[in-house]
Amino acid sequence: METETIITKFISEELLRGDGEISLEPNASLISTGILDSLGLLKLLLFIEERFNLKVRDGEVHPSNFETVNHIAAFIEAKQKSAAAE
């Protein structure tokens, strides 16, 4: 399953509770729309670490990495490439 699809499914099911009224576009701001608040970010970080077997460092928790589904997917893919290169 593609990274964007996995992230979108998690956000829809866990943060939006399957709310069909909100369309989750890959480039829509999760922060400014209120979809991703501080608690939601913690849930998302735990999910990313467990699902993708990655460790997200404190310095990486920055709005630019978690603003949109596409940003989150790019962040995950960059971490995976970095981990594979080690």
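See above for the structure.
Residues numbered from 1 in each chain as written. Predicted model: local features only at pLDDT ≥ 70, side-chain atom pairs only at ≥ 80, totals over all residues. Heavy atoms only, no water.

Participant: What am I meant to see in the overall build of the chain here?
Facilitator: Of regular secondary structure, the chain possesses 4 helices and 0 strands. Listing every helix and strand of the chain by position from the N terminus yields α-α-α-α. Here the C-alpha radius of gyration of the chain, 12 Å, is about what a compact globule of 86 residues would show, namely 12 Å. Put simply, the chain has 86 residues, and 35% of those count as buried. Taking the intrachain contacts of the chain between residues at least 6 apart in sequence as the baseline, contacts between residues at least 24 apart amount to 61%. Summed over all atoms, the accessible surface of the chain reaches about 5,400 Å², with 51% contributed by carbon and sulfur. Where the 8 positive side-chain charges of the chain centre and where its 15 negative ones centre are 6 Å apart. (Helix = DSSP H or I, 4+ residues; strand = E, 2+ residues; numbered from the N terminus. Rg over C-alpha atoms; globule rule 2.2 N^0.38 Å. Buried < 20%, exposed > 50% of the residue type's maximum accessible area, 1.4 Å probe, protein only. Contact = heavy atoms within 4.5 Å. Areas by Shrake-Rupley, 256 points an atom, 1.4 Å probe, with all protein chains shown as cover. Lys, Arg positive; Asp, Glu negative; His and termini not counted. Charge placed at Lys NZ, Arg CZ, Asp CG, Glu CD.)

Participant: Honestly, helix α1 (residues 3-15) in this entry has me stumped. Any pointers?
Facilitator: The periodicity of an α-helix, 3.6 residues per turn, causes residues three or four places apart in sequence to face the same way. Here α1 spans 17 Å end to end across 13 residues, near enough to the 18 Å set by a 1.5 Å rise per residue. When α1 is considered as a whole, its buried residues turn out to be T3, I6, I7, F10, I11 and L15. Buried residues of α1, seen end-on, are gathered within an arc of 130° and therefore sit on one face of the element. In this fold, the buried residues of α1 make contact with α2 (38-51) and α4 (69-85). R17 occupies a position one or two residues after α1 and carries a positive phi of about 55°. (Expected span 1.5 Å × (residues − 1). Arc of directions from axis to C-beta.)

Participant: So what exactly am I meant to see when it comes to the environment of N53 here?
Facilitator: Summarising the element assignment, N53 is placed in the loop between α2 and α3 (63-66). Classification of N53 by relative accessible area gives exposed; the value is 70%. Sequence separation between N53 and Q80 is 27 residues, and the spatial gap between their C-alpha atoms is 8.9 Å.

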